[in-house]
Amino acid sequence: MAEDKLKEKIAVVTGGASGIGLATAKRFVSEGAYVFVIDRNQKDLDEAVSDIGKNVSTGIQCDVSNLKDLDKAYEIIKDRKGHIDILFANAGIIEFVPFGKISEDNFDRIFSINVKGLLFSVQKALPIFTDGGSIILTSSVGASTGAEELSLYHSTKAAIRSFARCWILDLKDRKIRVNAISPGTIDTPFVYQSLNKEESEQFFDNVLKSNPMGRMGSPDEVAKAVLFLASEDSSYITGIELFVDGGVAQI
Ligand code: NAI
């Protein structure tokens, strides 16, 4: 049941048109926030905003790896609401590429969205970010584990985990909290993107065999944890990595 934990807060969710971002945008709204949903996919964005509610959310088409797009997005937010209290920097992509076959394009694509895009999504928000606000970054259990064909993706998530540690010091005078959330395998379109049916069945089989809870997580199970980090319930928590993974990173 909603409890108005984010009453009158202005929140931004990147990658908010699908999966974990969409579930979080819905949670934020149900707790009283106004949410700007940023995503690069206009069709999904339109559907997401009509799903969440136009009176409580605005969709902004923006590729987070494009700095001009980010400038435009934050201009819109500044014009409409003047400030941001909560930022969930969550947009990200995955690619499976074996080491030995990684191309410069693979590297540039994944690092420019997952690392550069996330860094500038946060840095460019700072001029209108409320002192004492909360920033949550989507990392992954992959930041602290190894996996075949995922060295590129996992290393982007390790960079994100490191951002949270450093930024709590850079932002300490402004009392802005920064935390990372690390999902395990969550049932969103993301995990099916670059695998064919047979590969994904094998992937999930392996993943779920090694999960203490023996199942995938739902996007809303991550959203509930993001809400905790966004709200005053976590007022003395900063710089952490909160695993939402059925225990997989602990074994
Ligand atoms: P999803 O694919 O359902 O949603 C990701 C959203 O990000 C999509 O709407 C997509 O259009 C958007 N996006 C991608 N690149 C973008 C860009 N350059 N600019 C703006 N928007 C962009 O995936 P999901 O699962 O919700 O993923 C969200 C985050 O969670 C990602 O950072 C992912 O790495 C992370 N994650 C997901 C896990 C999973 O099992 N689903 C596990 C661990 C981490």
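Residues numbered from 1 in each chain as written. Predicted model: local features only at pLDDT ≥ 70, side-chain atom pairs only at ≥ 80, totals over all residues. Heavy atoms only, no water.

A. How the structure looks around the side chain of S200. Take S200: it is sitting in helix α6 (residues 197-209). In this structure the side chain of S200 is engaged in a polar contact, spanning 3.2 Å, whose partner is the backbone oxygen of K197. What S200 contacts, discounting residues up to four positions off in sequence, is Y192 and L195. (Helix = DSSP H or I, 4+ residues; strand = E, 2+ residues; numbered from the N terminus. Polar contact = N/O pair within 3.5 Å; in protein donor to acceptor, adjacent residues only side chain to side chain. Contact = heavy atoms within 4.5 Å.)

B. Inspection of unusual backbone geometry at higher detail. For E149, which is not glycine, the phi dihedral falls at a positive 65°. Within the element layout of this structure, E149 appears in the loop between β5 (129-138) and α5 (151-170). Here the phi dihedral of K175 falls at roughly 55°; this positive angle occurs in a residue that is not glycine. Here K175 lies in the loop between α5 and β6 (177-183).

C. Geometry of α5. Relative to the 28 Å expected for 20 residues at 1.5 Å per residue, α5 spans 28 Å between its end C-alpha atoms, a close match to the ideal helical length. When α5 is considered as a whole, its buried residues turn out to be L152, Y153, H154, T156, K157, I160, R161, F163, A164 and W167. As for α5, its buried residues are in contact with α4 (104-123), β5, β6 and β7 (241-244). (Expected span 1.5 Å × (residues − 1). Buried < 20%, exposed > 50% of the residue type's maximum accessible area, 1.4 Å probe, protein only.)

D. Structural view of the pattern of salt bridges. Taken as a whole and assessed by the stated rule, the structure comprises 11 salt bridges. Between K5 and D233 there is a salt bridge, and its shortest N-O distance comes to 2.5 Å. Taken as a pair, K5 in the segment before β1 (10-14) and D233 in the loop between α7 (219-230) and β7 lie far apart in primary sequence, 228 residues in all. You can call K5 partly exposed: its relative accessible area is 30%. Owing to a relative accessible area of 45%, D233 belongs among the partly exposed residues under this scheme. Among the ionic pairs, R109 bridges to E95, the shortest N-O distance being 2.5 Å. (Salt bridge = Lys/Arg side-chain N within 4 Å of Asp/Glu carboxyl O.)

E. Just the packing of aromatic side chains, in detail. Counted under the stated rule, the structure contains four aromatic pairs. Ring geometry for Y153 and F190: centres 5.9 Å apart, planes at 50°, overall tilted. Of this pair, Y153 sits in helix α5 while F190 sits in the loop between β6 and α6; the two residues are 37 residues apart in sequence, bridging distant segments of the chain. Cation over ring: K81 sits above Y34, and NZ or CZ is 4.2 Å from the ring centre. (Phe/Tyr/Trp six-rings, centres within 6.5 Å; stacked < 30°, edge-to-face > 60°. Lys NZ or Arg CZ within 6 Å of the ring centre and 35° of its normal.)

F. Focus on the pairing of β6. With respect to burial, β6 is a largely interior element, seven of its seven residues being buried. Across five bridges, β5 lies against β6 in parallel orientation. Considered in β6, the bridge of I135 is made with V178. Pairing between β6 and β7: four bridges, direction parallel. In the strand pairing of β7, I181 is matched with L242. (Pairing = 2+ DSSP bridges.)

G. Representation of the sheet that holds strand β3 (residues 57-61). Strand order across the open sheet formed by seven strands is β3-β2-β1-β4-β5-β6-β7, with parallel pairing between neighbours. In this open sheet, the two edge strands, each paired with only one partner strand, are β3 and β7. For this sheet the average axis-to-axis angle between neighbouring strands, irrespective of direction, equals 20°. Relative to strand β2 (residues 34-39), β1 is paired through five bridges, and the arrangement is parallel. (Axes fitted to C-alpha atoms, helices over the stretch in contact; angles between N-to-C directions.)

H. Structural context of the packing of α4 against α5. The contact between α4 and α5 brings their axes to 10 Å, and the two run at 20°. Considering the angle they form, α4 stands roughly parallel to α5. Crossing of α4 over α5 shows right-handed handedness. Along the contact surface, α4 presents N106, F107, I110, F111, N114, V115, L118, L119 and V122, while α5 presents L152, Y153, S155, T156, K157, A159, I160, F163 and W167. (Parallel < 35°, antiparallel > 145°, perpendicular 65-115°, else oblique. Left-handed = near helix turned anticlockwise from the far one by under 90°.)

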